[in-house]
Amino acid sequence: MTPRSVLTISAVAGLFGLYVVYALAMNAVIGVRVLETRRTVSLLPPKPPVEATQMAETWLSAEAPWARDAQYRVRSHGAFIYYQSWEHLPSESSEPDNSVRFAPFAVLWSKPSERPYAIVSPSARVKFARGFSLTSPDTGRVVGGMMIGDVSIHGPDGLVITGRDFFYSEEAMKIWSDYPVEFQLGEHRGSAGSIQIDVLIDREAVSREEFAIAGFRNLTLRNKVKLYLQPEDDSQGTGEILVECERTLDYDTETRTATFEKDVVMTRPTGGGTFDRLTAAKLKLVFDPAPNHVAAKVDSASASTEDANPFRGFDTGLSFNRLQALGPGLVLTSDLRRLRAEMEQLVYSQVDRLTILRDSRYVNVRMGETLVLAPEISIKQDSTGEVRGLQCDGAGELRAFDPQTGEPTLRAQWGRRLRVTPENDSAVYLIELERQAVVSQPEDGLGLTAEFLRLWVSQNGDAATASPSGSPEGWSGSNLVPQRMLAIENVGFRSENLSGGTRRLEIWFDESPAANESGRTVSSRNAATNILNQEPASSSAGLSLRQPPIHAVARPEAPQAAPPRLDADLIRVQVLRGATGERAWVKQVVTSGNVVMQQDDPRGGDALRVEGDLLEVENPDLSNERQIVHVYGKPARILNGDMSLDGNQLHLDRGANKAWVSGPGVMRKLVDSNLDGLQLDRPEMLNVWWKEQMVFDGRKANFFQDVRAQLGASDLLCQEMEVSLSRQIDFGEGASPSGTERQRVEIDALTCKYSVEIESRVFEESHVVEIRQGKFGELDYRRESGKTVLKGPGTLWYWKAGNSNRSGLAPRNEVAVNRPLRAREGGWEFLEVNFSGHVDGNLNSRMTSFQNGVEVIFGPVPKFLDRLAVDELPVEGGWIRSRTLDVVLHPKTEAAPDWVELRATGNVELEGRGSGDRSFYARADMLTYDESKKMYRLRTLGQQRVTFWQDNPNNRKESSRVEAKVAEFFPESFKLKLDGVTSFEGVQ
């Protein structure tokens with residue numbers, strides 16, 4: 001074999017290397033296994049060469065049957081060259097003749113133990129650096145050439161290349177063909193409109209007149225490039241993957257980068273007539289040398305012991321590193337997954353197994369009825385291809401839509417990042433939203449906002465679910481079951497049943513019994529959005545967190561209002577779930593730190609407000625009808641319009657419709673009447689304190705130990721108190737009254753027991769003008785009947801500023817007096833009533849009755865709180881003793897002011913000091929006093945007589961005594977009228 005022939009063969013045989021690299025690039029695009037060409041190095045002595053004829057019979061019988069009997073069959077440096085003839089092509093210029101044509105032409109070339117490369121063409125033309133002549137074979141190096149006609153190349157790994165007219169030019173540093181080419185490598189195949197290889201020229205080889213191609217710099221396939229690639233794992237039998245580009249496939253050997261340009265489309269069948277597609281304006285693939293691999297290169301000449309000049313061809317020992325797809329018009333679609341993603345850039349790193357989608361505005365990903373928008377989306381995979389993480393960077397949004405109506409069912413927004421990562425190498429995943437996170441379900445009115453939101457979920461309800469490889473199942477984004485949720489900083493939430501805000505919201509999801517008492521089970525999935533909305537959720541596909549609606553139970557129409565609002569520093573919620581498709585429900589809510597809960601009345605009534613340091617809510621079942629609420633604070637407080645309740649421990653049992661306070665507390669209520677039931681000029685605040693306990697069933701409130709009621713300047717003290725309201729307060733939902741029922745809640749009844757004390761003061765221009773005190777065993781008041789009952793023994797004290805003596809008795813109900821009087825300068829009127837039995841008062845009839853023994857002491861005193869004794873009566877003072885005493889207040893008329901009438905019966909005694917410091921004393925069976933006439937009338941029953949004593953005006957040591965059937969006495973004039981006189985003693 002001549003050197004000239006070796007160079008010719010080297011120039012032509014180098015072409016096949018470009019197809020190996022081309023196949024490698026295409027494999028990497030769709031993730032198929034990279035096929036490598038390996039050298040087998042034998043440690044044994046080389047075998048004797050195979051004869052050219054035998055090689056032709058074995059490897060060229062189909063493509064070149066003529067080669068077996070070719071006229072020229074030459075072996076040189078491991079290559080077998082076949083041609084029938086050759087001819088010198090004279091130059092058409094003045095330059096020396098330097099071209100030779102071989103026809104037909106075939107080459108077999110291989111390393112030991114490898115299938116040979118076979119190159120066949122109708123003819124081959126080689127151009128040398130110097131002129132050619134038979135007498136001077138030294139023509140120099142090969143500087144150009146071509147394989148003319150239909151060219152076919154066969155080689156290891158099922159390599160097949162067919163094309164036409166391949167050219168080589170040292171000056172242009174290119175190998176090319178402007179005709180379509182088709183190629184195959186193993187199960188992969190493809191085609192292109194033309195091919196070009198940019199080569200490296202070794203200038204030292206040029207100076208030595210040696211073959212100067214030192215390697216390949218760039219490979220370019222042009223015009224409607226198509227690749228049909230067989231996936232590494234095609235167990236589903238889906239078929240080949242097609243990669244197309246309209247313009248070029250360019251491979252740079254220095255950067256190991258393959259670039260597809262213009263209308264790049266990658267199509268992968270997924271079975272059943274469905275496909276995955278990637279459409280891009282440009283696609284780049286970057287490769288690295290395979291680890292521990294010695295790259296196989298095509299030599300510039302066949303290796304031999306005497307002349308080894310290795311050709312630096314395309315490195316087939318490459319591993320895929322990174323993919324980059326560019327827009328505009330970059331779209332990824334999946335028929336099977338109902339996926340469409342639009343972006344400007346897609347980057348995939350094989351080393352990190354990380355895919356990144358980017359867009360200057362936002363990446364638009366639609367999967368089923370779910371839409372994701374973000375400037376950058378990253379997807380992390382493991383070695384098996386399972387998705388292990390997802391991240392959206394920049395402000396983004398997720399939306400889910402109802403498949404039937406197209407209406408939005410879920411919306412999630414974030415300001416910085418959304419991240420999905422596995423939790424501790426398990427099937428539990430952590431979903432994180434950072435900065436201004438917002439999650440809402442518009443149809444159900446659900447919403448949650450926070451600076452940071454974290455949700456732990458498992459897939460298919462099993463935290464231990466594993467993939468077929470044995471590792472935890474990868475992220476699919478479907479069949480999600482929440483395990484825990486945490487929202488931090490500026491947290492706000494709303495639902496049909498509750499809204500509010502907190503610094504930190506924690507939610508735990510636990511399994512519940514299969515069914516509650518009503519036989520209904522609870523939801524095992526998607527409970528995260530229903531924790532505050534005790535209603536069934538609605539249906540949606542994709543990543544929606546809503547369940548099919550339940551329409552079996554019709555809801556009564558009711559006025560709509562804002563849901564209760566709950567604010568606290570920390571809110572913890574326990575949610576129970578059960579069978580798939582049923583409702584989740586809140587088992588427990590615990591809040592702490594500046595707790596405030598407020599419920600507005602949908603019909604315009606007063607709002608209910610709860611304040612405290614700690615609030616606990618317990619739900620035995622999902623109905624909320626047996627809900628128990630505990631509020632703790634220093635103090636905790638419940639407010640409802642003009643009513644409030646304070647205590648360190650407040651409790652509410654909605655099932656029993658019961659509220660109670662453990663320990664001391666205070667209840668405040670704005671009322672229109674005083675403690676005695678009299679109408680006030682304007683509403684005043686009633687305060688009730690206690691030390692042991694308060695129990696309230698919605699209608700009656702009971703207070704225990706050291707109970708004190710205060711209204712304005714009036715105080716009432718006892719050991720037990722029961723207050724009944726004018727209507728029932730229902731702690732259940734939807735219990736607010738409407739229409740005419742929404743009037744102010746009034747105190748309907750009041751009962752005080754054990755050591756009852758009362759005190760009231762009346763002021764006029766900041767001066768005390770009236771004081772009332774009392775001690776007795778029990779007090780009972782009924783608003784509807786106006787009746788007030790005091791149980792004795794007891795005492796009432798009364799002080800009034802002024803000097804208008806009403807015979808020592810106040811012109812009002814002794815229990816129900818609290819009206820301002822005009823004060824006089826100096827002096828007070830004093831009244832003391834001691835009774836042994838009970839006292840009946842009636843506001844409607846304005847009458848008070850003292851039973852079973854009563855003593856009344858009255859008269860002026862120098863200052864208030866001074867008292868009188870029976871044996872030390874002052875002028876205008878006196879006392880009355882009787883078995884019963886009735887006090888009646890007659891209302892004023894246009895002609896006269898209101899006036900008092902007294903009626904005493906049973907062993908009546910009357911003593912006093914009238915005008916002129918004269919004393920009088922009387923006994924009778926009955927006594928009346930008419931304030932309008934300023935007259936006492938005394939009479940007896942049966943044969944008894946009225947006895948009346950009075951001082952002698954001329955000698956006070958003397959007195960007169962008279963007995964009569966009836967006596968009328970006028971204390972102001974000290975006149976006495978008698979009827980039926982039976983005896984008379986003394987001086988008149």
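What you are looking at is a predicted structure, and each value in this text was computed from that prediction instead of being measured.

With respect to the overall build of the protein
Helix and strand counts for the protein stand at four helices and 57 strands. Within the protein, buried positions represent 51% of all 988 residues. Here the analysis covers contacts within the protein between residues at least 6 apart in sequence; of these, 55% occur between residues at least 24 apart. When the accessible surface of the protein is totalled, it reaches about 45,500 Å², and 48% of it is carbon and sulfur.

Structural notes on the nonpolar core
If you look at the biggest cluster of nonpolar residues, it comprises 175 residues, and the most contacted ones within it are Phe260, Leu433, Leu505, Phe703, Met721, Phe835 and Phe850. Setting aside chain neighbours within four positions, we find Leu505 in contact with Leu448, Met485, Leu486, Ala487, Val491, Ile571 and Val573. Core analysis: the next-biggest nonpolar cluster, separate from the first, contains 14 residues, Trp797, Phe830, Leu873 and Trp879 among them.

Side note on the pairing of strand β21 (residues 370-381)
Pairing geometry for strand β20 (residues 354-367) and β21, over 10 bridges, is antiparallel. Within the sheet, the bridge partner assigned to Arg366 lies in β21 and is Leu371. The loop that links β20 with its antiparallel partner β21 comprises two residues; one of these, Gly368, has a positive phi angle of about 60°. As defined by bridge partners, β21 adjoins strand β23 (residues 396-401) across four bridges and the pair is classed as antiparallel. Following the sheet pairing, Val372 is matched in β23 by Leu398.

Description of the side chain of Asp780
One can find Asp780 in strand β41 (residues 767-782). In terms of polar contacts, Asp780 uses its side chain to reach the side chain of Thr751, at 2.6 Å. Within the structure, the side chain of Asp780 is placed 3.0 Å from the side chain of Arg782, a separation counted as a polar contact.

So, unusual backbone geometry
Trans peptide bonds make up most of the peptide bonds, and negative phi angles are found at most residues other than glycine. A cis amide bond links Gly327 with the next residue in sequence, Pro328, at an omega value of 5°. Of note, the amide linkage connecting Gly792 to Pro793 takes the cis form, showing an omega dihedral of 0°. Tracing the backbone through its elements, the reader meets Pro793 in the loop between β42 (787-791) and β43 (794-801).

Quick word on the pattern of salt bridges
Side chains that differ in charge, positive against negative, can pair when their charged atoms come close. All told, the structure shown has 42 salt bridges when counted by the stated rule. A salt bridge links Lys282 to Glu261; the nearest nitrogen and oxygen atoms lie 3.6 Å apart. Linking Lys282 in strand β17 (residues 274-289) with Glu261 in strand β16 (residues 257-271), this pair joins segments that are 21 residues apart in sequence. Ionic pairing is found between Glu901 and Arg903, a salt bridge with its closest N-O pair at 3.3 Å. Taking relative accessible area as the criterion, Glu901 reaches 16% and is therefore assigned buried.

Regarding the environment of Leu566
You can see Leu566 is positioned in strand β30 (residues 565-577). For Leu566, a relative accessible area of 2% translates into the label buried. Separated by 30 residues in the primary sequence, Leu566 and Val596 place their C-alpha atoms 5.7 Å from one another. Excluding residues that lie within four positions of it along the chain, Leu566 makes contacts with Phe493, Leu498, Ser499, Gly500, Gly501, Ile571, Val589, Thr591, Val595, Val596 and Met597.

Brief notes about a nonpolar patch on the surface
Residues Leu978, Val981 and Phe984 make up a contiguous nonpolar surface patch of about 240 Å² in total accessible area. Summarising the element assignment, Val981 is placed in the loop between β56 (975-979) and β57 (983-985). By relative accessible area, which is 43% here, Val981 ends up partly exposed.

Here we look at the pairing of strand β34 (residues 643-653)
In terms of residue burial, β34 counts as a mostly covered element, since nine of its 11 residues are buried. Bridge count for strand β33 (residues 628-640) against β34 is 10 bridges, and the pairing is antiparallel. In the strand pairing of β34, Val631 is matched with Leu650. The antiparallel pairing of β33 with β34 creates a hairpin that spans two residues between the two strands, and Gly641 there sits at a positive phi of about 65°. Examined bridge by bridge, β34 and strand β35 (residues 658-673) share 10 bridges and lie antiparallel to one another. Looking at the pairing, Ser644 lines up with Arg668 of β35.

Details of the packing of aromatic side chains
All chains considered together, the criterion is met by 16 aromatic pairs. Residues Tyr72 and Tyr83 carry aromatic rings whose centres are separated by 4.6 Å and whose planes lie at 15° to one another, so their mutual orientation is stacked. Of the two residues, Tyr72 is situated in strand β1 (residues 72-76) and Tyr83 in strand β2 (residues 79-89); the sequence distance between them amounts to 11 residues. When the ring of Phe920 is compared with that of Phe969, the centres are 4.7 Å apart and the planes differ by 50°; the resulting orientation is tilted.

Side note on the side chain of Gln627
Here Gln627 lies in the loop between β32 (608-618) and β33. There is a polar contact of 3.0 Å between the side chain of Gln627 and the side chain of Asn619. Beyond its immediate stretch of four places on either side in the chain, Gln627 contacts Val617, Glu618, Asn619, Pro620, Leu652, Asp653, Arg654 and Gly655.

Concerning the confidence of the model for the protein
Per-residue confidence for the protein gives a mean pLDDT of 75; residues scoring 70 or more make up 73%. When the criterion is pLDDT under 50, residues 734-742 qualifies, and its contacts beyond four places in sequence or with other chains add up to 12 contacts. The low-confidence segment residues 804-825 (pLDDT under 50) makes 85 contacts with residues lying over four places distant or belonging to another chain.

Some remarks on the environment of Leu873
As for its position among the elements, Leu873 is in the loop between β47 (854-861) and β48 (878-882). Residue classification places Leu873 among the buried positions, given a relative accessible area of 8%. For the pair formed by Leu873 and Gly859, sequence separation is 14 residues and the distance between their alpha carbons is 7.2 Å. Residues contacting Leu873, with those up to four places away along its chain left out, are Ile857, Gly878, Trp879, Glu911, Gly912 and Arg913.

Description of helix α3 (residues 52-59)
The complete set of buried residues in α3 reads Ala52, Met55 and Ala56. The buried residues of α3 all sit within an arc of 100° when viewed along its axis, so they share a single face.

Examining the environment of Glu611
Position of Glu611 among the secondary structure elements: in strand β32. With relative accessibility at 23%, the residue Glu611 sits in the partly exposed group. Here Arg609 takes part through its side chain, which lies 2.6 Å from a polar atom of the side chain of Glu611.

Quick word on the state of the cysteines
Per the counting criterion, the structure on display carries zero disulfides. No disulfide involves Cys718; its sulfur sits 3.9 Å from that of Cys752, the nearest cysteine. On the accessibility criterion, Cys718 (2% relative accessible area) is buried.

Conventions we followed
- Residues numbered from 1 in each chain as written.
- Predicted model: local features only at pLDDT ≥ 70, side-chain atom pairs only at ≥ 80, totals over all residues.
- Heavy atoms only, no water.
- Helix = DSSP H or I, 4+ residues; strand = E, 2+ residues; numbered from the N terminus.
- Buried < 20%, exposed > 50% of the residue type's maximum accessible area, 1.4 Å probe, protein only.
- Contact = heavy atoms within 4.5 Å.
- Areas by Shrake-Rupley, 256 points an atom, 1.4 Å probe, with all protein chains shown as cover.
- Core = buried A, V, L, I, M, F, W, Y, C linked by side-chain atoms within 4.5 Å.
- Pairing = 2+ DSSP bridges.
- Polar contact = N/O pair within 3.5 Å; in protein donor to acceptor, adjacent residues only side chain to side chain.
- Salt bridge = Lys/Arg side-chain N within 4 Å of Asp/Glu carboxyl O.
- Patch = residues over 30% accessible without salt bridge, like charges linked within 9 Å, V, L, I, M, F, W, Y side chains within 5 Å.
- Phe/Tyr/Trp six-rings, centres within 6.5 Å; stacked < 30°, edge-to-face > 60°.
- pLDDT = per-residue confidence, 0-100.
- Arc of directions from axis to C-beta.
- Disulfide = S-S within 2.5 Å.

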